[in-house]
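# Overview (structure and organization)
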Amino acid sequence: MAFQPKAVLVTGGAGFIGSNFINHFMAANPDCRVVNLDLLTYAGNLKNLTGVEKNPNYRFVKGDVCDGPLVAGILAGERIDALLHFAAESHVDRSITGPEIFVRTNVLGTQILLEESRRHWQSGLVAGFRYLQVSTDEVYGSLGETGFFTEETPLAANSPYSASKAGADLLVRAYFETFGMPTLNTRCSNNYGPYHFPEKLIPLMIHNILAKRPLPVYGDGRNVRDWLHVKDHSIAIETVLKTGRLGRVYNIGGNNEWQNIDIVHLVCDLLDKKLGRTAGESRGLITFVKDRPGHDRRYAIDAGRMRNELGWEPSYTFERGIDETIDWYLANQQWVADVTSGGYREYYEKQYGDR
Ligand code: NAD
Ligand code: DAU
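Residues numbered from 1 in each chain as written. Chains lettered and ligands numbered in written order. Predicted model: local features only at pLDDT ≥ 70, side-chain atom pairs only at ≥ 80, totals over all residues. Heavy atoms only, no water.

This part takes up the site of ligand 2. Around ligand 2, the surrounding shell holds 23 residues, and the nearest of these are Thr136, Asp137, Tyr161, Arg292 and His295. In this structure, an oxygen atom belonging to ligand 2 sits 2.8 Å away from a side-chain N or O atom of glutamate 138. Look at ligand 2: alone it shows 690 Å² of surface, and the protein chains cover 94% of it. Sorting the residues of the shell around ligand 2 by element identifies helix 6 (201–210) and strand 8 (215–218) as the ones contributing at least two each. Tallying contributions element by element places strand 8 first for the shell around ligand 2, with three residues. Grouping the constituent residues of the shell around ligand 2 by class yields nine nonpolar, eight polar and six charged. (Near = heavy atom within 4 Å. Polar contact = N/O pair within 3.5 Å; in protein donor to acceptor, adjacent residues only side chain to side chain. Areas by Shrake-Rupley, 256 points an atom, 1.4 Å probe, with all protein chains shown as cover. Helix = DSSP H or I, 4+ residues; strand = E, 2+ residues; numbered from the N terminus. Nonpolar A, V, L, I, M, F, W, Y, C, P; charged D, E, K, R; others polar.)

If you want it as structure tokens, here you go:
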């Protein structure tokens with residue numbers, strides 16, 4: 001029988017994927033209470049959640065996943081029966097210039113959440129409990145021209161970001177093996193869609209095309225990523241939470257491989273059409289720049305376990321997803337202006353004050 005949570009704790013729910021997940025999950029599970037614990041770093045924005053903020057089943061807590069007593073208080077006080085851990089430092093380039101915060105947030109933060117979850121689960125306060133770790137295909141390292149990452153592919157992280165995510169995944173495994181903790185671990189490919197912070201490839205390109213600024217493409221632009229719409233990722237996580245086998249890893253991907261340069265061309269051409277610019281104009285902004293150090297060449301996910309065991313498949317075609325995403329950015333330029341200027345902090349102060 002499927003697990004139906006009554007009260008979930010979502011960490012990092014003000015970020016790109018966390019907020020899309022909360023918006024989806026609250027619509028699909030109107031009787032479930034959702035507590036969003038987020039530190040509101042540069043990547044967290046409560047404006048992503050205006051659709052749920054007045055819902056009596058929603059509560060926002062500004063706080064750090066490394067704050068054990070705070071986490072323990074929420075778990076017990078709200079009788080949480082599922083913890084979904086999205087919060088992270090998520091940007092590879094930032095991990096190259098400043099790895100320490102990645103280890104603190106991604107590794108230590110996960111260990112603290114696991115430990116507080118273990119105590120809460122063992123206290124017997126709630127009848128059933130699940131801990132779900134949201135992770136990434138980057139833990140597997142890089143593929144050559146062919147092949148796919150399966151759940152059995154050995155971990156071979158290459159950036160400080162992916163190393164911190166791999167470390168966290170191993171802690172999740174350890175809590176399952178050592179304590180029998182009811183854990184689940186998802187590993188997803190590159191997401192795209194609304195509320196994506198404009199430091200990441202697709203929203204950065206949209207933003208720079210609109211401003212007629214250079215489009216920085218790393219190296220030869222031939223690195224490959226497997227793109228999945230964030231709504232499909234949200235549904236996949238809900239599916240794993242409710243029907244996944246405990247202790248198991250689930251790869252999630254779009255079966256949608258693109259070389260970076262082809263994505264950049266596509267976004268340029270679609271925007272030229274939508275903006276009424278001359279065909280090919282935006283491609284003229286492309287600037288090849290120095291490669292990212294340790295840049296993984298190719299990611300591609302084998303999502304066979306999700307499909308065969310849990311019946312999940314992506315619903316978006318890339319054609320539809322990228323078109324809708326570009327339209328979303330065109331309609332939400334104030335959102336981009338706010339996150340690039342830090343203006344969304346004022347929104348927080350107005351809504352919640354300093355608590
Ligand atoms: P994001 O950077 O957009 O959001 C991260 C959120 O975590 C922000 O709201 C931030 O304020 C919050 N946060 C950071 N440190 C915190 C702390 N110490 N305590 C509480 N909250 C904190 O990230 P995202 O792209 O939404 O990624 C979410 C998760 O999904 C991450 O774990 C990431 O590794 C994973 N993931 C991302 C992708 C992708 O393509 N973006 C793909 C696969 C997996
Ligand atoms: O694969 C999942 C991962 O996808 C997640 O775990 C990460 O949190 C998420 O940030 C993302 O990592 P990537 O490094 O793949 O995403 P990013 O958008 O930074 O880069 C995508 C590709 O585009 C990558 O090959 C680097 C390249 N790139 C990126 C930027 C920002 C450029 O060529 N130019 C750019 O300006």
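Still to come is the rest of the account.
Here we take up the sheet that holds strand 2 (residues 33–38). The seven strands are arranged 3-2-1-4-5-6-10 in an open sheet whose pairing can be described as parallel. Two strands close off the open sheet at either side, each with one partner strand: strand 3 (58–62) and strand 10 (249–252). Each neighbouring strand pair of the sheet contributes to a mean axis angle of 20°, computed without reference to strand direction. Two strands pair when backbone bridges link them, and strand 1 (residues 7–11) and strand 2 are joined in this way by five bridges, in the parallel orientation. From the neighbouring strand, valine 8 faces strand 2, where its bridge partner is valine 34. Running over the sheet, helix 2 (residues 68–77) touches strand 1, strand 2, strand 3 and strand 4 (82–85) and is turned about 175° from strand 2. Contacting strand 1, strand 4, strand 5 (130–136) and strand 6 (183–188), helix 4 (residues 100–123) crosses the sheet at an angle of about 165° to strand 5. (Pairing = 2+ DSSP bridges. Axes fitted to C-alpha atoms, helices over the stretch in contact; angles between N-to-C directions. Contact = heavy atoms within 4.5 Å.)

Put simply, the second largest pocket is a space of about 290 Å³. In this structure, the second largest pocket is lined by 17 residues; those nearest its centre are Arg173, Asn185, Arg187, Gly247 and Val249. Among the elements that make up the lining of the second largest pocket, the one with the highest residue count is helix 5 (residues 160–179) (six residues). The residue makeup of the lining of the second largest pocket, split by class, is six nonpolar, four polar and seven charged. (1 Å grid on protein atoms, 1.4 Å probe; cavity = no way out; pocket = protein on both sides within 12 Å on 5 of 7 lines; lining within 4 Å. Points joined across faces, edges and corners; volume = space filled by probe spheres on them.)

By the definition in use, this model includes 14 aromatic pairs. Ring centres 4.9 Å apart and planes at 70° place the aromatic pair tyrosine 195 and tryptophan 328 in the edge-to-face group. With tyrosine 195 in the loop between strand 7 (190–192) and helix 6 and tryptophan 328 in helix 10 (residues 318–331), this residue pair connects regions lying 133 residues apart in the sequence. The pair formed by tyrosine 195 and tryptophan 328 is uniform in burial state, with each residue classed as buried. Arranged with centres 5.0 Å apart and planes meeting at 45°, the rings of tryptophan 258 and phenylalanine 318 form a pair that is tilted. With a gap of 60 residues between them, tryptophan 258 in strand 11 (residues 257–259) and phenylalanine 318 in helix 10 connect regions that are remote in the sequence. With relative accessibility at 22%, the residue tryptophan 258 sits in the partly exposed group. On the basis of relative accessibility, which here comes to 9%, the residue phenylalanine 318 falls in the buried class. Positioned over the ring face of tyrosine 299 is arginine 225, at 3.9 Å from the centre of the ring. Here the basic side chain of arginine 320 rests over the ring of tyrosine 316, its NZ or CZ set 4.0 Å away from the ring centre. (Phe/Tyr/Trp six-rings, centres within 6.5 Å; stacked < 30°, edge-to-face > 60°. Buried < 20%, exposed > 50% of the residue type's maximum accessible area, 1.4 Å probe, protein only. Lys NZ or Arg CZ within 6 Å of the ring centre and 35° of its normal.)

One non-glycine residue with positive phi stands out, namely arginine 79, at about 50°. Mapped onto the elements, arginine 79 comes out in the loop between helix 2 and strand 4. Residue classification places arginine 79 among the partly exposed residues on the basis of a relative accessible area of 48%. Phi is positive for lysine 212, close to 55°, though the residue is something other than glycine. By the secondary structure assignment, lysine 212 is in the loop between helix 6 and strand 8. Judged by its relative accessible area of 49%, lysine 212 falls in the partly exposed class.

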